[in-house]
Amino acid sequence: MSGVASVTLVIAAFLLLISVVQPTAARLHLPYTVLLAIVGVAVGGLSSFLLYTPLTHLFDDIVRPIVELPISASVFLVVFLPLLLFHAALTIDLREIAQDAALILTLAVLAVFAAAATIGFALSFFGVPLILAMLLGAIVATTDPAAVIAIFRDLGAPPRLTRLLEGESLLNDAAAIVLFSMLLEMLTGGAHSSFAAQISHFVAVFLGGLLVGGIAGYLFGAALPFLGGSRMAEVTLSVALAYVVYLLGEHVLGVSGVVAVVSAGLTGGALARVRLRPASWRYLERVWEQNGFWASSLIFVIASTLVPRLLHGMQLRDLWLLLVAVAAALVARAAVLFGVLPLLSALRLSQKVSSAYKIAITWGGLRGAVTLALALSVTENAALDSDSKDFVADLATGFALFTLLVNGLTLRPVIRLLKLDRLSPLNQAIRDKVLALSLADVREVIRHAAQTYRIAPATARAASQHYEQRIKELESQPGLENSISDPDRIRIGLIALANRERRIILDHHEQNSVSGVAIERLLRNTNLILDAARTEDRRGYDRAARALLAFPRGFRIAHFLHRTAHIDAPLRRELSIRFETLLVRRLALEELAVFTQKRLRAVLGSAAAQTLGEVITSRTDATTGVLDALRLQYPKHADHLEQRFLQQSGFRMLSSRYRRLFEEGLIGGELLSNLEREHEATRSRSAREAPLDLGLETRKLIDSIEVFGGLSELEALVRLFRPRLLVPNEMLIRKGERGRAMFFISSGAVEVHLPTQRVRLGSGEFVGEMALLSHQPRQADVVSLGYGTVLVLAAADFERFLTKYPGAKAEVERTAAARAAG
């Protein structure tokens with residue numbers, strides 16, 4: 001059998017082994033990676049024994065491809081590692097870990113340096129060269145959270161604990177590999193600069209990787225809308241991104257490829273969540289879950305089969321050094337968690353972390369495949385002497401096995417001992433309430449099914465007896481009213497409302513009834529409401545909700561360009577997006593009002609539901625007011641958006657109907673394909689956005705203003721004026737400023753803030769002429785009351801306008817005199 005065929009057969013055999021180990025680990029309640037490591041070590045040890053034993057040569061041809069598998073450390077680091085890291089980064093919600101960013105960076109970077117230094121100095125007391133010992137420390141600083149996270153989820157540990165370990169592991173491996181490369185270069189004589197210079201190099205490489213990966217992730221997100229919704233293309237692009245970023249960063253740009261992959265995964269995942277339709281995002285997640293499972297499992301089992309080879313020279317002294325290294329690593333990790341994290345909390349750079357969390361994180365620092373891969377790369381380095389290679393290989397491999405077999409197998413009891421597997425009284429009360437309501441619904445479904453299918457009542461009662469008994473048990477527990485305060489009920493309700501609002505927006509995204517850029521903005525803003533509800537209760541929720549109605553930065557920039565540079569395209573785009581977001585937000589709020597009465601009232605009680613209903617009503621009124629102001633200015637565009645929204649909703653329903661007819665056997669596959677092609681073509685034409693007309697054609701605006709009636713030479717008049725769009729609460733004139741222009745109001749209204757009164761001016765009137773006539777500073781503020789359009793006459797053209805059009809001059813001077821007298 002050829003070499004390629006042998007390697008392929010071994011990989012296939014490993015995949016077969018993986019497929020058996022995974023369900024076996026679940027049945028035995030063992031961490032999957034721990035059992036996989038045990039099996040891998042057993043396979044490697046047995047294969048080496050059968051190949052080299054003089055007792056028999058019967059199995060030599062079978063086990064030789066396993067023992068002599070031509071896989072080097074570079075294969076681990078180039079083929080498997082980008083997939084492993086990108087999958088982990090892609091599936092982490094960047095928004096969720098952002099609130100613990102300082103904590104995660106501390107665990108990932110500071111803890112790596114602390115571990116490397118502590119292990120290095122501890123081993124140096126026993127005659128190990130300091131740089132070599134620190135190299136070992138950097139290798140074993142890499143953590144593998146897969147087993148720990150699986151245990152946490154199985155036991156129902158708090159989600160935040162899981163997020164901390166996921167986030168830490170990502171940047172931890174990146175920081176450790178960068179530090180490893182730096183120390184290896186120092187050890188082999190490739191680095192001649194000072195240690196301080198090396199640290200500066202580490203920072204530059206690390207931050208450079210973050211920057212490169214962030215840019216690549218942003219470009220990935222920007223490219224997604226151009227793929228036409230093709231799921232295959234989206235997945236293919238994401239796989240290419242992982243390898244391109246790693247190789248460019250590592251071998252072309254001189255930054256950390258590992259850090260770049262992590263950064264690209266986090267950034268690309270954050271953008272893909274809102275730019276892909278929910279079904280496409282779920283597909284991408286499932287494919288990457290499978291890719292990540294294969295990569296992590298293969299790297300683990302292959303690395304585990306190498307353990308006997310790596311431990312071939314281990315001596316009794318190495319066992320003692322291994323215990324010293326393990327103790328030093330635990331001390332370093334505990335020192336960071338118990339010493340540094342309280343300082344971050346005191347400085348308000350991180351939320352507080354309980355002692356139970358700290359203990360779990362300390363004990364949960366398992367080492368795995370990355371540790372073994374780095375150790376293997378040391379053994380392949382020709383610049384190191386054999387003693388150094390054996391030292392690193394033996395201790396790194398022993399360290400990984402110790403954490404997997406000792407920490408990994410005892411972590412479950414530790415979690416239980418720390419009581420991290422228990423729900424808080426608040427969550428327990430909510431769980432019981434929700435479960436009781438759900439069981440009652442199931443009981444009613446069983447009764448209805450029995451009546452529909454004419455099943456005997458006795459049989460129906462027997463089928464629902466379990467649910468009846470469980471409902472009685474839950475109802476005997478202390479009620480929700482006794483377990484939770486009113487403020488907590490409101491906070492839970494606000495979080496539920498924000499999550500439900502996000503779900504409604506994603507449903508609109510799935511229906512393609514709203515543009516992608518509007519969906520992205522809606523989701524981003526809804527996430528802000530959710531975060532505010534979690535951290536600041538109702539006050540934060542209300543503040544975030546009000547902020548949604550304000551003009552975002554992009555709108556303000558677009559309006560500034562319109563006012564100063566006469567560039568209108570960005571403003572048209574921003575106004576159109578604002579239309580869509582307000583329309584969808586109002587529809588979502590109407591659904592939330594129903595959700596509050598039908599769902600939250602049953603769970604949280606009538607009093608809480610009433611308060612939450614008032615919150616939603618207030619938001620609905622405010623959103624409707626802002627939307628109506630925009631609709632008043634652009635009624636045709638509002639009608640177009642609502643028509644397109646209804647059409648897309650209808651298309652979605654029609655597509656579902658076609659699919660249902662196919663599943664019922666009423667139409668065949670060929671007919672279904674024909675209907676779907678025709679349907680998609682019609683839907684695509686309907687989905688095209690009509691450009692928003694700002695209504696700023698100067699000639700039409702002139703015709704709408706009475707003071708210009710009867711004037712001749714209108715073309716010359718058109719050249720004097722510049723149209724401008726006003727937005728609500730815009731400061732058109734500021735008191736004390738020098739007069740630079742006057743304004744003729746075509747539509748909308750403005751308010752003049754005089755010392756003793758406020759004067760409203762509407763369509764056909766003008767403002768700002770007094771400062772130009774008197775050459776004095778402005779005497780009052782003038783604010784736009786809503787959307788409107790004005791014609792701007794610059795001060796430089798004012799005199800020419802009055803000279804050329806004496807009729808208009810008389811009207812302007814008469815009005816100015818009347819205003820001065822009043």
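The preceding data block contains the structure.
Some remarks on the overall build of the protein
- Of regular secondary structure, the protein possesses 33 helices and eight strands.
- Scored against the burial criterion, the 822 residues of the protein give a buried share of 49%.
- Taking as baseline every contact in the protein between residues at least 6 positions apart, the subset at least 24 positions apart corresponds to 78%.
- Summed over its atoms, the accessible surface of the protein is roughly 38,900 Å², and 60% of this surface lies on carbon and sulfur atoms.

Remarks on helix α17 (residues 369-379)
- The element α17 is extensively covered by neighbouring structure, given that 10 of its 11 residues are classed as buried.
- Of all the positions in α17, only Ala-369, Val-370, Thr-371, Leu-372, Ala-373, Leu-374, Ala-375, Leu-376, Ser-377 and Val-378 are classed as buried.

A look at the packing of helix α22 (residues 486-511) against helix α25 (residues 569-604)
- Between α22 and α25, the least distance of the axes is 9 Å, while the angle of their chain directions is 135°. Taken together, the axis directions place α22 and α25 in an arrangement best described as oblique. Here α22 and α25 pass one another in a crossing that is right-handed. Along its contact with α22, which presents Arg-489, Ile-492, Gly-493, Ala-496, Leu-497, Arg-500, Glu-501, Ile-504, Ile-505 and His-508, the element α25 presents Val-584, Arg-585, Ala-588, Glu-591, Leu-592, Phe-595, Thr-596, Leu-600 and Leu-604.
- Residue classes in the contact of α22 with α25 are distributed as 11 nonpolar, three polar and five charged.

Focus on the packing of helix α32 (residues 795-804) against helix α33 (residues 806-821)
- At their nearest, the axes of α32 and α33 sit 5 Å apart, and the two run at 115° to each other. Relative to α33, α32 is oriented roughly perpendicular. Every residue of α33 that contacts α32 at Phe-798, Phe-801, Leu-802, Thr-803 and Lys-804 is listed here: Pro-806, Ala-808, Lys-809 and Val-812.
- Broken down by class, the residue content of the contact of α32 with α33 amounts to six nonpolar, one polar and two charged.

So, the side chain of Glu-769
- Among the structural elements, Glu-769 can be located in helix α31 (residues 769-774).
- Classification of Glu-769 by relative accessible area gives buried; the value is 1%.
- Excluding residues within four positions of it along the chain, Glu-769 makes contact with Met-742, Phe-798, Val-812, Ala-816 and Arg-819.

Details of the side chain of Glu-234
- Along the chain, the position of Glu-234 falls in helix α11 (residues 231-251).
- Not counting chain neighbours up to four residues away, the residues in contact with Glu-234 comprise Phe-220, Leu-224, Leu-227, Gly-229, Leu-276, Ser-280 and Leu-284.

Observations regarding the pattern of salt bridges
- The tally for this structure, following the rule as stated, stands at 21 salt bridges.
- A salt bridge links Arg-573 to Glu-574, with the shortest nitrogen-to-oxygen separation between them at 3.8 Å.
- Judged by relative accessible area, which is 47%, Arg-573 ranks as partly exposed.
- A salt bridge links Glu-751 to Arg-758; its shortest N-O distance comes to 3.6 Å.
- In this structure Arg-758 comes out as exposed when scored by relative accessible area, which is 57%.

Cut-off values and rules
- Residues numbered from 1 in each chain as written.
- Predicted model: local features only at pLDDT ≥ 70, side-chain atom pairs only at ≥ 80, totals over all residues.
- Heavy atoms only, no water.
- Helix = DSSP H or I, 4+ residues; strand = E, 2+ residues; numbered from the N terminus.
- Buried < 20%, exposed > 50% of the residue type's maximum accessible area, 1.4 Å probe, protein only.
- Contact = heavy atoms within 4.5 Å.
- Areas by Shrake-Rupley, 256 points an atom, 1.4 Å probe, with all protein chains shown as cover.
- Axes fitted to C-alpha atoms, helices over the stretch in contact; angles between N-to-C directions.
- Parallel < 35°, antiparallel > 145°, perpendicular 65-115°, else oblique.
- Left-handed = near helix turned anticlockwise from the far one by under 90°.
- Nonpolar A, V, L, I, M, F, W, Y, C, P; charged D, E, K, R; others polar.
- Salt bridge = Lys/Arg side-chain N within 4 Å of Asp/Glu carboxyl O.

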